[in-house]
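# Close look at the chain arrangement
What follows is each chain in one-letter form.
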Amino acid sequence: MAGMPLKVGSSLPEIEPQAGGKPLIYRQFLWTRVTHWLWAIALFFLLLSGLQIFNAHPTLYIGNQSGFGYDNEVLALRAENTPQGPVGYTRILGARLNTTGVLGLSWRGERPTPRGFPDWATIPSGQDLATGRVVHFFFAWVLVITLTGWFVGSLVNGHLRRDIAPRTADFRNLPQDIVNHAKLRFHHTRDYNTLQKLAYGGVLLVILPLIILTGLAMSPTIDTVIPFLADILGGRQTARTIHFVMMALLVGFFIIHILMIVAAGPLNELRSIITGWYRIDPPTRKV
């Protein structure tokens with residue numbers, strides 16, 4: 001295509017800038033962009049419907065069993081009546097935190113309601129375990145199919161090897177990359193920086209696969225087909241705890257991801273993941 005020469009050493013086209021401008025490169029393949037937005041939609045519904053399911057028993061354990069006869073609780077969201085009125089609290093590894101109004105006890109209108117997560121954080125908003133499970137399982141399959149498709153596509157088009165897998169030079173650059181991010185000093189280049197590679201690789205190759213595996217380990221149907229899966233993960237209750245922790249890490253990643261997009265230039269970043277085109281810093285000219 002006229003005006004779109006191929007960048008040396010890459011199959012991605014580049015538009016040369018006008019005087020004083022910045023190059024515009026084709027950074028994201030169509031398949032990468034499609035899977036990105038499918039994940040965003042799927043994970044939104046998975047998170048909120050997952051909290052709906054969690055609210056049916058807002059407690060996490062380690063091991064294979066749970067109940068009054070076991071001392072293996074790691075997290076609990078509870079409510080109780082006190083002389084000062086009803087309060088909600090979160091218990092983490094035995095330590096108790098007052099979380100009235102958010103966790104354990106929230107308000108439905110003006111009425112206090114004992115509930116792990118509040119109405120606004122779940123799908124459906126009211127307590128409806130059956131509907132929550134239907135929504136959760138549907139989008140779980142969307143996630144599984146999309147992640148599998150992304151992995152195959154990324155192997156074929158080289159995205160995984162070229163953009164995600166860190167190289168030796170990336171680890172050498174890691175200290176400086178941390179300093180640059182701490183100072184909100186960003187370099188707009190075609191390649192992901194080291195922190196991006198580690199973060200994206202961690203999400204795509206560790207967190208999401210663990211979410212899927214632990215979800216399967218909690219399924220009675222899968223348990224009949226792969227009975228040893230839950231044992232490998234430390235038991236059904238441990239699988240549920242890992243599932244929850246991975247979800248929390250994913251939420252943390254999302255928050256940092258959005259903050260970095262805003263700090264680095266939201267219009268340029270959004271254009272990249274919507275159209276594929278990304279404006280980079282002009283090359284440094286050697287004197």
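Parameters at a glance
- Residues numbered from 1 in each chain as written.
- Predicted model: local features only at pLDDT ≥ 70, side-chain atom pairs only at ≥ 80, totals over all residues.
- Heavy atoms only, no water.
- Helix = DSSP H or I, 4+ residues; strand = E, 2+ residues; numbered from the N terminus.
- Buried < 20%, exposed > 50% of the residue type's maximum accessible area, 1.4 Å probe, protein only.
- Polar contact = N/O pair within 3.5 Å; in protein donor to acceptor, adjacent residues only side chain to side chain.
- Expected span 1.5 Å × (residues − 1).
- Patch = residues over 30% accessible without salt bridge, like charges linked within 9 Å, V, L, I, M, F, W, Y side chains within 5 Å.
- Areas by Shrake-Rupley, 256 points an atom, 1.4 Å probe, with all protein chains shown as cover.
- Salt bridge = Lys/Arg side-chain N within 4 Å of Asp/Glu carboxyl O.
- Pairing = 2+ DSSP bridges.
- Axes fitted to C-alpha atoms, helices over the stretch in contact; angles between N-to-C directions.
- Contact = heavy atoms within 4.5 Å.
- Phe/Tyr/Trp six-rings, centres within 6.5 Å; stacked < 30°, edge-to-face > 60°.
- Lys NZ or Arg CZ within 6 Å of the ring centre and 35° of its normal.
- pLDDT = per-residue confidence, 0-100.

### Here's the deal with the side chain of H136
Here H136 is to be found in helix α2 (residues 129–157). Residue classification places H136 among the buried positions, given a relative accessible area of 12%. Polar side-chain contacts of H136 include one of 3.2 Å to the backbone oxygen of L46.

### With respect to helix α5 (residues 194–217)
Compared with an ideal rise of 1.5 Å per residue, which puts 24 residues at 34 Å, α5 spans 33 Å between its outermost C-alpha atoms and is within 8% of the ideal. A distance of 3.2 Å separates the backbone nitrogen of L195 from a side-chain oxygen at the start of α5, and that oxygen is part of N193.

### Notes on a nonpolar patch on the surface
Residues F151, V152, L155, V156, L205 and V206 make up a contiguous nonpolar surface patch of about 560 Å² in total accessible area. Looking at the nonpolar patch, the elements that each hand over two or more residues are α2 and α5. Counting through the fold element by element, F151 comes out in helix α2. The partly exposed category is assigned to F151, whose relative accessible area is 36%.

### Details of the sheet that holds strand β3 (residues 59–61)
The strand order β3-β4-β5-β6 describes an open sheet built from four strands, whose pairing is antiparallel. Each edge of the open sheet carries a strand with a single partner, namely β3 and β6 (95–98). Strand-to-strand twist of the sheet, defined as the mean angle between neighbouring strand axes without regard to direction, takes the value 25°. Taken together, the three bridges between β3 and strand β4 (residues 73–82) define a ladder with antiparallel strand orientation. Bridge assignment links T59 to a residue of β4, and that residue is A76. Strand contacts of helix α8 (residues 236–264): β3 and β4, with the helix running at about 120° to β3, the strand carrying the most contacts.

### Regarding the packing of aromatic side chains
Evaluated as defined, the whole model comprises nine aromatic pairs. A centroid spacing of 5.0 Å and a plane angle of 90° characterise the contact between F138 and F139, whose relative ring orientation is edge-to-face. Judged by its relative accessible area of 52%, F138 is exposed. The structure contains a cluster of three or more aromatic residues connected by ring pairs, namely F44, F45, F138 and F139. Taking the ring centre of Y89 as reference, the NZ or CZ of R96 above it sits at 3.8 Å.

### What to know about the pattern of salt bridges
Tallying each qualifying case throughout the model produces eight salt bridges. Across the pair D163 and R162 runs a salt bridge, and its minimum N-O distance is 3.1 Å. Overall, R162 belongs to the buried group, its relative accessible area being 18%. Across the salt bridge formed by R190 and D191, the nearest N and O atoms sit 3.5 Å from each other. A relative accessible area of 8% means that R190 is categorised as buried.

### A closer look at the confidence of the model for the protein
Interpreting fine coordinate detail is not advised for predicted regions of low pLDDT. On average, the protein scores 88 in pLDDT, and the residues at 70 or more come to 90%. Of all helices and strands in the protein, the one with the weakest mean pLDDT is strand β1 (residues 14–15) (58), whereas β6 scores best (96). The low-confidence segment residues 1–10, where pLDDT is below 50, has 16 contacts with residues more than four positions distant or belonging to other chains.

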